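Now for the letters of each chain:
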Amino acid sequence: MLYYKKKLTNGKAKNMSNINKGYPDDWDNDFNIQNYDETVIDGRERRRLAQERNQGRRPKKNRSAPKAFLIFLAAVLLVLAVILIVPTPRRTVFLVAGTDEDGTRTDAIMLASLNSWNGEITLLSIPRDTYIKVSEENYKTMRATYPEPARQGMKITEIHHYAGEEDGMNILKDEIERNFGVDIDYYARVDFDAFAFLVDSIGGVEFDVPQDMDFEDPTQDLYIHLKKGNQVLDGDKAEQLMRFRYGYANQDLGRVSVQQAFVKTFAMKALKPSNVLLHGGDYVKAIKEYIKTDFKPINSVGYLKCVFSLKDSKFETATIPGAVGGNGMFNADFEEFNELYGKLYK
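Predicted model, so just to flag it, every value in this text is computed and none were measured. (Residues numbered from 1 in each chain as written. Predicted model: local features only at pLDDT ≥ 70, side-chain atom pairs only at ≥ 80, totals over all residues. Heavy atoms only, no water.)

1. Concerning helix H3 (residues 136–145)
An α-helical segment advances 3.6 residues per turn. Residues three or four places apart therefore align on the same side. Under the convention used in this document: Exposed residues in this analysis have more than 50% of their type's maximum accessible area, buried residues have under 20%, and partly exposed residues fall in between, with area computed by a 1.4 Å probe over protein chains only. Think of it this way: any DSSP run of H or I at least four residues long counts as a helix, any run of E at least two long counts as a strand, and we number them from the N terminus. For this quantity, the arc is that covered by the directions from the helix axis to the C-beta atoms. Note on contacts: a residue pair is in contact if any heavy atoms of the two residues lie within 4.5 Å.
Residues of H3 that are buried: Asn 138, Tyr 139 and Met 142. Buried positions in H3, seen along its axis, are confined to an arc of 100 degrees and lie on one side of it. For H3, the exposed residues set more than 90 degrees away from the buried face come down to Glu 137, Lys 140 and Ala 144. Buried-residue contacts for H3 involve strand E9 (153–155) and helix H4 (156–180).

2. Quick word on the environment of Thr 319
Counted only if it meets this: As used in this structure description, the phrase polar contact means that two N or O atoms lie within 3.5 Å; if the pair is within protein, one of them must be able to donate a hydrogen and the other to accept it, and residues adjacent in sequence are counted only when both atoms belong to side chains.
Structurally, Thr 319 can be placed in strand E16 (residues 315–319). In sequence terms Thr 319 and Leu 111 are 208 residues apart; their C-alpha atoms lie 9.8 Å from each other. Beyond its immediate stretch of four places on either side in the chain, Thr 319 contacts Leu 124, Ser 125, Pro 127, Leu 253, Val 256, Gln 260 and Leu 340. One polar contact links Thr 319 to Gln 260, side chain to side chain, over a distance of 3.2 Å.

3. Brief notes about the packing of helix H5 (residues 192–201) against helix H8 (residues 273–290)
Put simply, the test is: Working convention: axes come from line fits to C-alpha atoms, limited for helices to the stretch in contact. Angles between N-to-C directions cover 0 to 180 degrees. The labels follow the angle: roughly parallel below 35 degrees, roughly antiparallel above 145, roughly perpendicular from 65 to 115, and oblique for the rest. Just so you know the grouping, Ala, Val, Leu, Ile, Met, Phe, Trp, Tyr, Cys and Pro go in nonpolar, Asp, Glu, Lys and Arg go in charged, and all remaining residues, Gly too, go in polar.
At a closest axis distance of 10 Å, the pairing of H5 and H8 adopts a crossing angle of 170 degrees. Between H5 and H8, the angle falls in the class roughly antiparallel. Seen from H5, the contacting residues are Asp 193, Ala 194, Phe 197, Leu 198 and Ser 201; seen from H8, they are His 279, Asp 282, Tyr 283, Lys 285, Ala 286 and Tyr 290. A class-by-class count of the residues in the contact of H5 with H8 yields 6 nonpolar, 2 polar and 3 charged.

4. Notes on the pattern of salt bridges
Worth spelling out the cut-off: We define a salt bridge as a side-chain nitrogen of Lys or Arg found within 4 Å of a carboxyl oxygen belonging to Asp or Glu.
All chains considered together, the criterion is met by 9 salt bridges. For Asp 129, the salt bridge goes to Arg 128, with nearest N and O atoms at 3.4 Å. On the basis of relative accessible area, Arg 128 is assigned to the buried category, the value being 12%. One salt bridge connects Arg 189 with Glu 165, and the closest N-O pair in it is separated by 2.9 Å.

5. Things to note about a negative patch on the surface
We count it as follows: What makes a patch is a set of residues exposed beyond 30% relative accessible area and free of salt bridges, joined within 9 Å when like-charged and within 5 Å when nonpolar (Val, Leu, Ile, Met, Phe, Trp, Tyr). Calculation of accessible area relied on Shrake-Rupley with a 1.4 Å probe; when residues are assessed, cover is drawn exclusively from the protein chains displayed. Under the convention used here, Asp and Glu are negative, Lys and Arg are positive, and both His and the chain ends fall outside the count. To locate a charge, the coordinates of NZ of Lys, CZ of Arg, CG of Asp or CD of Glu are taken.
The grouping of Asp 333, Glu 335, Glu 336 and Glu 339 at the surface amounts to a negative patch. Relative to the assigned elements, Asp 333 resides in the loop between strand E18 (330–332) and helix H10 (334–344).

6. Some remarks on the pairing of strand E12 (residues 213–217)
How we decide: Strands were regarded as paired on the criterion that DSSP finds at least two bridges between them.
Judged from the 5 bridges that link them, E12 and strand E13 (residues 222–226) form a sheet pairing that is antiparallel. Of the residues in E13, the one forming a bridge with Glu 216 is Tyr 223. The turn linking E12 back onto E13 is made up of 4 residues, and Asp 221 within it adopts a positive phi angle of 55 degrees.

7. Topic: the confidence of the model for the chain
Note the cut-off: Confidence scores here are pLDDT values: one per residue, from the predictor, ranging 0 to 100.
Overall, the prediction assigns the chain a mean pLDDT of 76, with 68% of residues at 70 or greater. Low pLDDT (under 50) marks residues 79–85, which in the prediction has 6 contacts with non-local residues, meaning those over four places away or in another chain.

8. Notes on the packing of helix H6 (residues 235–243) against helix H7 (residues 252–270)
Two measures define how a pair of helices packs: the angle their axes make with one another and the distance between the axes. Their axes nearest at 8 Å, the elements H6 and H7 cross at an angle of 145 degrees. Contact with H6, carried on its side by Ala 238, Leu 241, Met 242 and Arg 243, involves Arg 255, Val 258, Gln 259, Phe 262 and Val 263 of H7 and no other residues of that element. Residue composition of the contact of H6 with H7, by class: 6 nonpolar, 1 polar and 2 charged.

9. Topic: the sheet that holds strand E15 (residues 291–293)
In space, the 6 strands of this open sheet follow the order E15-E10-E5-E6-E7-E16, with mixed pairing throughout. Among the strands making up the open sheet, the edge pair consists of E15 and E16. On average, adjacent strands in this sheet sit at an angle of 20 degrees to one another, irrespective of strand direction. Bridge analysis of strand E5 (residues 91–99) against strand E10 (residues 186–191) gives 6 bridges, and the strand direction is parallel. Directly across from Gly 98, in E10, lies its bridge partner Val 190. Relative to the sheet, H8 contacts E10 and E15, its axis offset from that of E15 by approximately 80 degrees.

10. A closer look at the environment of Ala 144
Topologically, Ala 144 is positioned in helix H3. Judged by its relative accessible area of 69%, Ala 144 is exposed.

11. Brief notes about the packing of aromatic side chains
Formally: Under the pairing criterion, centres of Phe, Tyr and Trp rings, with the six-membered ring standing for Trp, must be within 6.5 Å; the plane angle then separates stacked pairs below 30 degrees from edge-to-face pairs above 60, leaving the rest tilted.
For the structure on display, the rule yields 12 aromatic pairs. Geometrically, the ring pair formed by Phe 180 and Phe 337 is edge-to-face, given 5.3 Å between the ring centres and 70 degrees between the ring planes. Highlighted residues: Phe 180 in helix H4 and Phe 337 in helix H10, separated in sequence by 157 residues. In terms of burial, Phe 180 and Phe 337 fall into one category: buried.

Structure below.
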């Protein structure tokens, strides 16, 4: 944009705004054009002149940017303080149960233990066919929901099914504590849809599938077709891997071993600090929509420091010792389990 300074004639300023249109009406023929201050000023010149005028003045401060930064810094420091100050028990044990397609039978049962002192995580698997004799009280509760169980002895995978939606996880937790002598702090029942959703949210998981897996059961809407070898599994294929059990030489124990290996690989990727920050919203969504737990979000703050220090060398897996009996059920060796538990949870 161009503009013109004003003409000074007889001590009066006269507008030269229409100089481009020829001489103005008040043009004084006796006046020499040299007396006009006819300087044309463009934008850069105008900024230079403004800077000269403002020399010596204190520039205005942008107070909003520093204020926003200070608020952000205070929030970060507050979170870090809570993480460091909020007390967490030395060891926390979670009962994690993955349910099948109908959401009642627990296809995967694990005790996940976190040592907040050294950041160690231990996954202890309980085969789904493990024989359990439930207490008289819990048996009555089951019979009130389902008249089917004719005896107190059953596979551990059936406990949640017979106890029902409302009491299933509480009774399963109670029976594991009573039979194995462990203290469980929290439980989480995970729908396999949640598992598939989380795997997809982090871009899949690279895993070495140990063998070809082919199985179909239309009644469960279950179709498993995986090839042996190292590959990136998306959510659907990860679910197929976790649910496959009929092709292993040692049946359910083979399945447990593969489940442990995949869960460890998945956890190491999902719990990387960068993924926690990037996909935290997806994790929260999965908890809200697919996971039933008595673990409150506020409780998680104190455990973040353990997540940030997680290393592969601090992640152990094990299976409850025992053997498959003639009835097809897995009979746990409780004496050997006590020794294993003492080593893992020392």
